[in-house]
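Spelled out from the first residue to the last, the chains are:
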Amino acid sequence: MTTDFAARRARIAPQLGLTDEILLVGAGHPIPKPEISDALLPFIAHQEYYYLTGLADGVGGLVAFDPQDGPQNGWTCFMPEVTEAERVWEGRTQLPGEPMGKFSAWLAARGGRPVVMFGAPVAGVAFDAARTAVVREAYKHARRVKELGEIDLMRRCAVATADGYAAVQPFLKPGVSERRMQVELEAGYFRAGAQKTGYDTIIGVGAQSAVLHGTPSRDRLAQEGDFILIDSGAEWDRYVIDVTRTYVAGQPSAFQRDLHQAVLHAERRAIARCRPGTEWVDVHFGAALDMVGALVDMGVMKGGAQSLVEQDAHLLFFPHGVGHMLGLGVRDAGGMEPGRTKSARPALATLRQDLILRPGYIVTVEPGLYFIPALLNDPARREKFRDCVDWALVDRHQQIGGVRLEDNILVTDGAPENLTAAIPHGI
Ligand code: GLY
Ligand code: MN
Ligand code: MN
């Protein structure tokens, strides 16, 4: 399924709420590697530019929009001329668009009007930051419901990701390094046709499984009984999947099984709540309540689950939000429901979004329970939650690591669809 980007621009335009402003959206420029002056870091066209153009390689590209010229005719795509050096060294070819040299005349013809700037800011052009912040919220909201073509890309990406997770299964055992697991996992994505990983793969064995965004190491090998947490996904035409599974190298202990079961139960119930009209904060706090209830049953926490969550005690073991919008990048169009502002409550500050779910949204659902020494050994937390936790039991498990389970959910008119259900949940 191919995307008609001109049609997308025309659909988006009326939703931006522009009147006399003009809109500029820059793709950005590659950044030279600091140590090698003639080599560049990989170029990633800004998400806000890519959504309007589909030009992943549009280095230096610019989309300009004048609402007074109408939602279809108001858009102009400017593209720099490819230089001989770029053709020779990078193999770049000329992409479509008006020559960039015509942009200054386009801008001068609209002199004095406020400028809203998305994407990578255009050098030398002043813009209205306050107005930009308001219009950006409208743009994010307009992008939240996925088009069928976007969902199609996500499905392909999910298949490639499942291939990678299948490929790594024989390596989830004692004696294998995090790096080896990463290599086998990612090779599975690339064999299946994915172009990249959606983000830097996270793999942690043992205590490292509680490092939320840890980097796989050549030197850390799984030991018998270690948790192995893998958080990774493939990228397909700029669309990404974001899956987490937690396994055990060898035989799990009863405590590990209980922890895994607690997260799995919370995840299943959170996924079932992903229906139109549901407040995301309710999905989040539902998962927090379920997991705290399980920790009370396990003897780790003490008291009533509701009261513990109201005191924010869950943040000791579940210090992040239950998920985020996903698709065009691993953080896609999250943020606030129009008209809302961010809450100061610590338990809400960890949320990447405060939205009402609608059909066509794709979200991750990723509850987790972790034993993170940096949190659990903090004297202030120990004092505040002195009576909420069996600290002696916690201290016996300080090095156990953590469990996270993450799936990617399409909200529909009916039951939620789990795009990543084909990847077994482990243990
Ligand atoms: N893969 C990082 C995250 O789940 O947020
Ligand atoms: Mn993830
Ligand atoms: Mn995620």
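Treat the numbers as computed from the prediction; the structure is a model and nothing was measured.

Right, let's talk about the nonpolar core for a bit. Counting 61 residues, the largest nonpolar core has Leu23, Tyr49, Tyr165, Met181, Ile228 and Ile230 as the members making the most contacts within it. Looking at which element gives the most residues to this core, the answer is helix H6 (residues 148–168), with nine residues. Sequence-distant contacts of Tyr165, defined by excluding residues within four places in its chain, comprise Leu185, Tyr189, Ile230, Asp231, Ser232, Val243, Thr244, Arg245, Tyr247 and Ile423. In terms of nonpolar packing, the next biggest core, distinct from the first, is built from 55 residues, Met291, Ala313, Leu315 and Leu355 among them.

Turning our attention to the site of ligand 1. Around ligand 1, the surrounding shell consists of Tyr199, His213, Asp231, Asp242, His324, Arg331, Glu366 and Glu406. Here a nitrogen atom of ligand 1 sits 3.1 Å away from a polar atom, N or O, in the side chain of Asp231. Take Asp242: an N or O atom from its side chain is 3.0 Å from a nitrogen atom of ligand 1. The protein chains hide 94% of the 190 Å² of surface that ligand 1 would expose on its own.

Strands sit in the order E16-E19-E20 across an open sheet of three strands; the sheet is antiparallel. Only two strands of the sheet have a single partner each, and these edge strands are strand E16 (362–365) and strand E20 (417–418). Here four bridges tie E16 to strand E19 (residues 407–410), and the two strands are oriented antiparallel to one another. Looking at the pairing, Ile362 lines up with Leu410 of E19.

What follows deals with the coordination of the manganese ion (ligand 2). Coordination sphere of the manganese ion (ligand 2), protein contribution only: Asp231 (OD), Asp231 (OD), Asp242 (OD) and Glu406 (OE), at 2.1 to 2.4 Å. Note that the manganese ion (ligand 2) binds six donor atoms; their angles at the metal cover 56 to 170 degrees, and the shape is irregular. In this structure, the manganese ion (ligand 2) lies 3.2 Å from the manganese ion (ligand 3), and both are coordinated by Asp242. Of the two residues, Asp231 is situated in strand E10 (residues 227–232) and Glu406 in the loop between strand E18 (402–404) and E19; the sequence distance between them amounts to 175 residues.

This next bit is on the coordination of the manganese ion (ligand 3). Surrounding the manganese ion (ligand 3) are the protein donor atoms Asp242 (OD), His324 (NE2), Glu366 (OE) and Glu406 (OE), at 2.1 to 2.2 Å. Mapped onto the sequence, the donors of the manganese ion (ligand 3) take the spacing D-x81-H-x41-E-x39-E. When its relative accessible area of 3% is taken as the criterion, His324 is described as buried. Judged by its relative accessible area of 0%, Glu406 falls in the buried class.

Quick look at the pattern of salt bridges now. Side chains that differ in charge, positive against negative, can pair when their charged atoms come close. In this structure the tally under the stated criterion is 31 salt bridges. With a shortest N-O distance of 3.5 Å, Glu137 and Lys140 are connected by a salt bridge. Of this pair, Glu137 and Lys140 both sit in helix H5 (residues 129–144), three residues apart, which is roughly one turn of the helix. Its relative accessible area of 33% is what places Glu137 among the partly exposed residues.

In contact at an axis separation of 7 Å, H6 and helix H7 (residues 178–191) are set at 145 degrees when each is read in the N-to-C sense. For the crossing formed where H6 meets H7, the hand is right-handed. Facing Ala160, Thr161, Asp163, Gly164, Tyr165, Ala167 and Val168 of H6, the residues of H7 in contact are Met181, Glu184, Leu185, Gly188 and Tyr189. Classifying every residue of the contact of H6 with H7 gives seven nonpolar, three polar and two charged.

So, on to the sheet that holds strand E9 (residues 202–205). Taken in spatial order, the three strands make up an open sheet running E9-E10-E13, and their pairing is antiparallel. Edge strands, defined here as strands with exactly one partner in the open sheet, are E9 and strand E13 (243–248). Averaged over all neighbouring strand pairs, the angle between strand axes comes to 10 degrees, with direction disregarded. Packing of H7 onto the sheet brings it into contact with E9 and E10, and relative to E9 it is tilted by some 145 degrees.

Each value, and the rule that gives it
Residues numbered from 1 in each chain as written. Chains lettered and ligands numbered in written order. Predicted model: local features only at pLDDT ≥ 70, side-chain atom pairs only at ≥ 80, totals over all residues. Heavy atoms only, no water. Core = buried A, V, L, I, M, F, W, Y, C linked by side-chain atoms within 4.5 Å. Buried < 20%, exposed > 50% of the residue type's maximum accessible area, 1.4 Å probe, protein only. Helix = DSSP H or I, 4+ residues; strand = E, 2+ residues; numbered from the N terminus. Contact = heavy atoms within 4.5 Å. Near = heavy atom within 4 Å. Polar contact = N/O pair within 3.5 Å; in protein donor to acceptor, adjacent residues only side chain to side chain. Areas by Shrake-Rupley, 256 points an atom, 1.4 Å probe, with all protein chains shown as cover. Pairing = 2+ DSSP bridges. Donors = N, O, S within 2.8 Å, 3.2 Å for Na, K, Ca; no water. Tetrahedral: all angles 85-135°; square planar, octahedral: opposite > 155°, others 65-115°. Salt bridge = Lys/Arg side-chain N within 4 Å of Asp/Glu carboxyl O. Axes fitted to C-alpha atoms, helices over the stretch in contact; angles between N-to-C directions. Left-handed = near helix turned anticlockwise from the far one by under 90°. Nonpolar A, V, L, I, M, F, W, Y, C, P; charged D, E, K, R; others polar.

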